[in-house]
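Descriptive analysis of the structure
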Amino acid sequence: MLCGFPAAYYCIKAFSESDCTEDLKKFDIPTLILHGDDDQIVPIVAAGMLSSKIVKGSEFKIYKGAPHGMCSTLKDEINADLLAFFKKQAASKAA
């Protein structure tokens, strides 16, 4: 979660100028979208909520109070949710 100022600036600039809508519309596999509702870097309304509406059939999970770095700060909870999602997908394929 550490980087220099130029790297942070160019990363934010690139993401803020990118529109992934057409790519997201092409998703045709089960997709789990995770987002923290206290993300100060990527607003949940502009990313998680919007993506979950664009990706057909996606599951959207909101982590209350979670920051941008939630994969580090909530790793056990996120890993459990990922495993549950993968198991559910495997079970539906087996059926």
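An account of the accompanying structure is given in this report. (Residues numbered from 1 in each chain as written. Predicted model: local features only at pLDDT ≥ 70, side-chain atom pairs only at ≥ 80, totals over all residues. Heavy atoms only, no water.)

1. Quick word on the overall build of the protein chain
Convention followed: Strands are runs of DSSP state E lasting at least two residues, helices are runs of H or I lasting at least four, and both sets are numbered from the N terminus onward. For every residue, the accessible area obtained with a 1.4 Å probe (protein chains only) is divided by the maximum for its type, and the residue is called buried under 20%, exposed over 50%, and partly exposed between those limits. Any pair of residues with heavy atoms lying within 4.5 Å of one another is described as a contacting pair. Using the Shrake-Rupley algorithm and a 1.4 Å probe, accessible areas are obtained, with residue cover drawn only from the displayed protein chains. The charge count includes Lys and Arg as positive and Asp and Glu as negative, but it does not include His or the ends of the chains. The location of each charge is read from NZ of Lys, CZ of Arg, CG of Asp or CD of Glu.
For the protein chain, the count of helices and strands is five helices and two strands. In terms of overall dimensions, the protein chain has a C-alpha envelope of 50 × 30 × 20 Å along the principal axes. Within the protein chain, the proportion of its 95 residues that are buried is 22%. Relative to all contacts within the protein chain whose residues are 6 or more apart in sequence, the contacts with residues 24 or more apart total 65%. On the protein chain, roughly 7200 Å² of surface is accessible, and the fraction owed to carbon and sulfur atoms is 63%. Put simply, the protein chain has 11 plus and 12 minus side-chain charges, and the middle of one group is 5 Å from the middle of the other.

2. Points about the packing of aromatic side chains
Put simply, the test is: Any two rings among Phe, Tyr and Trp, with Trp reduced to its six-membered ring, count as a pair given centres within 6.5 Å; such a pair is stacked if its planes are under 30 degrees apart, edge-to-face if over 60, and tilted if neither. As a reminder, the over-ring test applies to NZ of lysine and CZ of arginine, requiring each to be within 6 Å of the ring centre and within 35 degrees of the ring normal.
For the coordinates displayed, the defined rule picks out two aromatic pairs. When the ring centre of Tyr-63 is taken as reference, the NZ or CZ atom of Lys-61 above it lies at 5.2 Å.

3. Some words on the state of the cysteines
The condition that has to hold: Two cysteine sulfurs form a disulfide in these notes if their separation is within 2.5 Å.
One pass over the full model with this rule turns up zero disulfides. Left without a disulfide partner, Cys-3 is nearest to the cysteine sulfur of Cys-11, which lies 7.4 Å away. The class of Cys-3 is exposed, set by a relative accessible area of 56%. Cys-20 forms no disulfide, and the closest cysteine sulfur to it belongs to Cys-11, at a distance of 12 Å.

4. Things to note about the pattern of salt bridges
Condition: We define a salt bridge as a contact between a side-chain nitrogen of Lys or Arg and a carboxyl oxygen of Asp or Glu at a distance within 4 Å.
Summed over all chains, the structure comprises five salt bridges. Its salt-bridge partner being Glu-17, residue Lys-13 comes within 3.0 Å of it at the nearest N-O pair. A residue is classified by how much of its surface remains accessible, and Lys-13, at 32% relative accessible area, is partly exposed. Exposure remark for Glu-17: the relative accessible area of 58% places this residue in the exposed category. Residue Glu-59 pairs with Lys-88 through a salt bridge whose shortest N-O separation is 2.2 Å. One end of the pair, Glu-59, is in strand β2 (residues 59–63); the other, Lys-88, is in helix α5 (residues 75–94), with 29 residues separating them in the sequence. The exposure class assigned to Lys-88 is partly exposed, which follows from its relative accessible area of 43%.

5. Details of the pairing of strand β1 (residues 32–36)
Cut-off, in case you're wondering: A pair of strands counts as paired when DSSP detects no fewer than two bridges linking them. We call a crossover right-handed when, viewed with the strands running away from us, the connection from the first strand over the helix to the second turns clockwise.
Strand direction decides the pairing type here: β1 and β2, joined by five bridges, are parallel. By the bridge assignment for β2, Leu-34 is matched with Lys-61. Between the parallel elements β1 and β2, the chain passes through helix α3 (residues 48–54) in a crossover that is right-handed.

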